[in-house]
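# What the coordinates show
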Amino acid sequence: MSSDGRVPSVVSDEYPEPADPPVPPGAARRPGGELGPDQDGDLVPDESPIQLRRELRRRVGNGPGPADLAGPDTTPGDRPLSSPGRHARRDGQPRPPRLDYVPRHAVRTPGPGSVPVSPTDVTEVFSRVRQDPTERPMSARPESEPIRLIAPVLPLAAPPVPSLEPEPESVAPGKRERVVLSQRKGQTRPVRTVVDVQELTQVGEVLSSSLIRSQLALALRIGGIALITLGSLPAMFVIFPVLGRFELFGLRLPWLLLGVLAYPFLLALGWWYARSAERLEQVFADHIQN
Amino acid sequence: MTPAAVVALSCIAIVAVASTVIGSFGVRFARNTSDFLVASRTVGPTANAGAISGEYLSAASFLGVAGLILKYGPDALWYPVGFTAGYLALLLFVSAPLRRSGAYTVPDFAEFRLRSPGVQRLCTVFVIIIGWMYLLPQLQGAGLTVATVVPTLPAWSGMVAAGVVVIATVVFGGMRSITFVQAFQFWLKFTALALPAVVLVIYVGGNHQPFNRPAPPQFPTDSSVAIKTDVVLRVTQPVTFEADGVLDGVRTDGLVNWVPGRHTVLSGAQLNFTAGTSVPIPDGLPIRDSSWLTPLSGDSPYQLFGIYSLIMATFLGTMGLPHVLVRFYTNPDGRATRRTTVVVLAFLGAFYLLPTLLGALSRLYVPQLLVSNNTDAAVLLLPTAALGGGMFATLLAGLVAAGAWAAFLSTSSGLVVGVAGVLSTSPSLFPRGTVRDFRVAAVISGVVPLGLALVAARLDFSQTVSLAFAVAASTFCPLLVLGIWWSGLTDRGAMAGLLVGGVASGGAVTLSLFGLDPGGWVGMLLNRPALITVPAAFLTMTVVSKLTRKRLLPDVPRLLLRLHAPERLGLSQDRVRRFG
């Protein structure tokens, strides 16, 4: 599993991200569904933690409110519609949008006709990430779901993870799990790792730099394959001139390799990369969210 | 004017008018949805990939690749392979993080990553240089197309017509919002090459003519060749032809008999060959068909260096082209960006099979272009040369001309929009950045390269384009790759690397564009500088960044995380709110 540098996956994308426009409403992705090549066999959920979580959720009764279920990507079958429970928000309203949410396009990357931006504006927007220490950090799923998932307790001083192996035990059945409920009045309890990553605490920095390193390793590996395969051809043609006269399927080898086969080769590498990079990202997101 | 010329000109006119009209409709559409960025984000990866490919496949791909294959054989195959592989590098190192940065031009990205107005301004300069350099062969290609299909019209008329249409389209329409126009133009270009290719393969399949002959190609029909630039021709067996002009330093008018060896012909000469005569080949190119079939068959001892330098420039240069990056911004998120790029790889791979095939066939049917060094016209002349002058061949030639025109229009519009967008949002030039400023900038960014196109030497299109690739690879590639993947990049480092790579590659390229070719090592370096300048730029950026480590921004890890974290974590903060 780690032979290609991937983080082992224990949790699947049970709730697909809201930002996924190519999936039409109603075609919500489920594990094992047939939408897109990213639904891998080995991303099918481990039954036990999911079961455990469902059970917990059922007992706690912390299902999402009806407003959340109206979101285009939810999978209603998975969530009970029962009472929101003791700790849920009393008013039953969905969280209002963050007041300080500023679409970056309001100020950055202006179109040809927009007002130019001074660098200070941008810095200001950027520094909005968290100025007030008591401010709630952004929800992991800002558009549709309140934070109500179960976070594994990560060791705070996680050892540096050079080979991208995260704590594989963190969601194993039987381990202690910390239940983080939906917002309580006057107090917030966001998902630990998301905050870690947002705040770039030690844990967060390790997690995010391991993501970047694994993506870079993947890109370099595939780029290296392309470069070595294609880049060795001119030298080979010089060193072994007979290759240039060799015929295959009625075509000279250089014409066949460069004129025809190079394109499916590049396409296959690109497809491989897009798939693997998506998987790395998915595992990273699942890992810090669950 | 011959009927063939009328057909071809009508096809060209239809394409030009259609693009302008659809472009102006597109603006109305964009205004209704109030924000063209959001509107375009409803476009799926396939349509988006069609648009990217449509904008990318320029005169260099449509005409130039086949012409270079006619000249150099398999060595020229590195151009289309490199043009395609550039998208793999873009996919691997740039696409998704750049999309997540929210920047849609390189200056934007520099400002996001380094917050340095100096680097941003320098990037603006290089965007303009690369954009203009890329526009040059597009406009020249328009001139060549018009002059080829209607021999009575001068080349500058085509250039001016293309320039005016492009500037008008951008000023009154703004092609950026119209993904579907670009996607349509991709399919038009594809059809315009695929149909002739299929017809020719069926035709050639019927009367097979071998490529592998130990002799130069022969004129398939009686051919008249006008020499426009001084040339040294080589013949390997005695050739007899009629000539009018200065040959081997002697004023000649009448029958000439050339013995094997090198012969000089000055510009202005007119050579008339009868069918079946061996074609004299310009010095430095493979002469016999059998050596043309094999790789690295030229005379130059530095050709291996040249090929590797070309690989470096095209593989790494694509990510720095202004019109390419802007297009990627219409993807909804990083993941869709990757998928779009994969589809682009498929589209480009399918497309480049066609110029490869047509280039090989043109060795059989239009070898006279080798003598006049006008091989870029091969695709345009091939249908009538191979199929005769019938109505069907005329229509095919018209279709090819229309496709070529679509190639200039889409690429040039994309480039003018890209350059004008960068110009008009640059605070030092247009402090207000209004729509009026954008239009002024569009006129500037179209007129200057038009002027250059009228005076600059005409190299082969693909070669001119690869010069632009070399500059992009020596400047923006290190900036993007190090900026995205290395937390240690500082503004000083970026500035120094951009200057070293840009001045070295830009200087070399300018000298070759103005026709300076001292030959030997120096000539090769001026023509293909990337193999030296790209590593130099990377090295400078790294070393200077390490020396100025104190200038590192405190929140670099957070910036990098935003580039790499998937959107669902909500860290990027650059989501435009969706409608509905």
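Being a predicted model, the structure only gives us computed values, none of them experimental. (Residues numbered from 1 in each chain as written. Chains lettered and ligands numbered in written order. Predicted model: local features only at pLDDT ≥ 70, side-chain atom pairs only at ≥ 80, totals over all residues.)

## Section: the overall build of chain A
Across its full length, chain A carries 7 helices and 4 strands. Of the regular secondary structure in chain A, the N- to C-terminal order runs α-α-α-β-β-α-α-α-β-β-α. For chain A, with 290 residues in total, the buried portion stands at 30%. When contacts within chain A are restricted to residue pairs at least 6 apart in sequence, long-range pairs at least 24 apart make up 68% of them. (Helix = DSSP H or I, 4+ residues; strand = E, 2+ residues; numbered from the N terminus. Buried ≥ 20, exposed ≤ 12 C-beta atoms within 10 Å, placed from the backbone. Contact = placed C-beta atoms within 7 Å.)

## A closer look at the overall build of chain B
Regarding its fold elements, chain B presents 23 helices and 7 strands. The C-alpha atoms of chain B give 24 Å as radius of gyration, which agrees with the globular expectation for 580 residues (25 Å, within 12%). Principal-axis analysis of the C-alpha atoms gives chain B an extent of 80 × 50 × 40 Å. Sorting the 580 residues of chain B into buried and exposed places 62% on the buried side. (Rg over C-alpha atoms; globule rule 2.2 N^0.38 Å.)

## A short note on helix H8 (residues 117-149) of chain B
Between the first and last C-alpha of H8 of chain B there are 48 Å, a value that for 33 residues agrees with the 48 Å anticipated at 1.5 Å per step. Of all 33 residues that make up H8 of chain B, 28 are buried, and the element is covered over most of its length. (Expected span 1.5 Å × (residues − 1).)

## What about the packing of helix H3 (residues 45-56) of chain B against helix H14 (residues 334-365) of chain B?
Residue and element names in this part refer to chain B. Following both chains from N to C, one finds H3 and H14 inclined at 55°, their axes separated by 8 Å at the closest point. Of the possible angle classes, the one that applies to H3 and H14 is oblique. Between H3 and H14 the crossing geometry is right-handed. On H14, the residues that touch Pro45, Thr46, Asn48, Ala49, Gly50, Ile52 and Ser53 of H3 are Ala336, Arg339, Thr340, Val343, Val344, Phe347, Leu348 and Phe351. (Axes fitted to C-alpha atoms, helices over the stretch in contact; angles between N-to-C directions. Parallel < 35°, antiparallel > 145°, perpendicular 65-115°, else oblique. Left-handed = near helix turned anticlockwise from the far one by under 90°.)

## Considerations on the domain arrangement of chain B
Size of an interface: often given as the accessible area lost when the parts come together. All names here are of chain B. What the domain assignment reports for chain B is domain 1 (3-204 + 306-563) and domain 2 (223-278). Taking only C-alpha atoms, the centre of domain 1 and the centre of domain 2 are 37 Å apart. In this assembly, 4 residues from domain 1 lie in contact with 9 residues from domain 2. A per-class count over the side of domain 1 that touches domain 2 returns 1 nonpolar, 3 polar and no charged. (Domains from an automatic or database assignment. Nonpolar A, V, L, I, M, F, W, Y, C, P; charged D, E, K, R; others polar.)

## Some thoughts on the nonpolar core
All names here are of chain B. By size, the foremost hydrophobic cluster in this structure holds 222 residues, and its most contacted members are Ala401 and Trp405. No other element matches helix H17 (residues 391-424), which puts 19 residues into this core. Taken domain by domain, the makeup of this core includes at least three residues from each of domain 1 (3-204 + 306-563) and domain 2 (223-278). With near-sequence residues (within four places) excluded, Trp405 lies in contact with Ile12, Val15, Ala16, Ala142 and Thr145. (Core = buried A, V, L, I, M, F, W, Y, C linked by C-beta atoms within 7 Å.)

## Describing the confidence of the model for chain A
All names here are of chain A. Summing up the model confidence of chain A, the mean pLDDT is 58 and the portion of residues at 70 or higher is 30%. Least confident of the elements in chain A is helix H3 (residues 119-127), whose mean pLDDT is 39; most confident is helix H7 (residues 253-289), at 88. When the criterion is pLDDT under 50, residues 88-172 qualifies, and its contacts beyond four places in sequence or with other chains add up to 147 contacts. Contacts of residues 183-189 to residues separated by more than four positions or lying in other chains number 9 contacts, the stretch itself having pLDDT below 50. (pLDDT = per-residue confidence, 0-100.)

## Points about H3 of chain B
Because each turn of an α-helix spans 3.6 residues, side chains separated by three or four positions in sequence point in the same direction. Look at H3 of chain B: 16 Å from first C-alpha to last across 12 residues, which is about the 16 Å you get at 1.5 Å a residue. With 10 of 12 residues buried, H3 of chain B is to be regarded as a mostly interior element.

## Looking at the confidence of the model for chain B
Mean pLDDT over chain B: 82, with 90% of residues reaching 70 or higher. The model gives residues 574-580 of chain B a pLDDT under 50, and that stretch makes 11 contacts with residues more than four places away or in other chains.

## What to know about the environment of Leu353 of chain B
Mapped onto the elements of the fold, Leu353 of chain B is located in helix H14. Given 16 C-beta atoms within a 10 Å radius, Leu353 of chain B is considered partly exposed.

## Digging into the pairing of strand S6 (residues 270-273) of chain B
Residue and element names in this part refer to chain B. Of the two faces of S6, the one holding Leu271 and Phe273 is buried and the one holding Gln270 and Asn272 is not buried anywhere. Bridging between strand S1 (residues 223-226) and S6 involves 4 bridges; their strand directions are antiparallel. The residue bridging Ser223 from the neighbouring strand is Phe273, located in S6. The pairing of strand S3 (residues 239-247) with S6 spans 3 bridges and is antiparallel. What sits directly across from Glu242, in S6, is Asn272. (Pairing = 2+ DSSP bridges.)

## Quick notes on the environment of Leu316 of chain B
Residues and elements named next belong to chain B. Within the secondary structure, Leu316 sits in helix H12 (residues 303-317). Since 28 C-beta atoms lie within 10 Å of it, Leu316 is described here as buried. Sequence separation between Leu316 and Ala85 is 231 residues, and the spatial gap between their C-alpha atoms is 8.6 Å. If sequence neighbours within four positions are ignored, Leu316 has contacts with Ala89, Ala473, Cys477 and Val534.

## Digging into unusual backbone geometry
When glycine is set aside, most residues are seen to have a negative phi, and most peptide bonds are trans. All names here are of chain B. The backbone of Arg115 sits at a positive phi, close to 50°, despite the residue not being glycine. Mapping Arg115 onto the fold places it in the loop between helix H7 (106-114) and H8. Assessed through the 18 C-beta atoms surrounding it within 10 Å, Arg115 is described here as partly exposed. One non-glycine residue, Asn373, adopts positive backbone phi at about 55°. Topologically, Asn373 is positioned in the loop between helix H15 (368-372) and helix H16 (378-387). For Asn373, a count of 18 C-beta atoms within 10 Å translates into the label partly exposed.

## Section: the packing of helix H4 (residues 59-72) of chain B against H8 of chain B
All names here are of chain B. Orientation of H4 relative to H8, taken along the N-to-C sense of each, is 65°, at an axis distance of 10 Å. Here H8 runs roughly perpendicular to H4, going by the angle between their axes. Along this stretch, H4 crosses H8, giving a crossing that reads as left-handed. Contacts from Ala59, Ala60 and Leu63 of H4 reach H8 at Pro137, Gln138 and Gly141.

## So, the environment of Leu57 of chain B
Residue and element names in this part refer to chain B. Locating Leu57 in the fold gives a position in the loop between H3 and H4. Leu57 sits in the buried class, given 27 other C-beta atoms within 10 Å. The spacing of Leu57 and Trp405 is 348 residues in sequence and 11 Å in space, taken between C-alpha atoms. Once residues lying within four places of it in the same chain are set aside, the contact partners of Leu57 are Phe62, Phe186, Lys189, Phe351 and Ala407.

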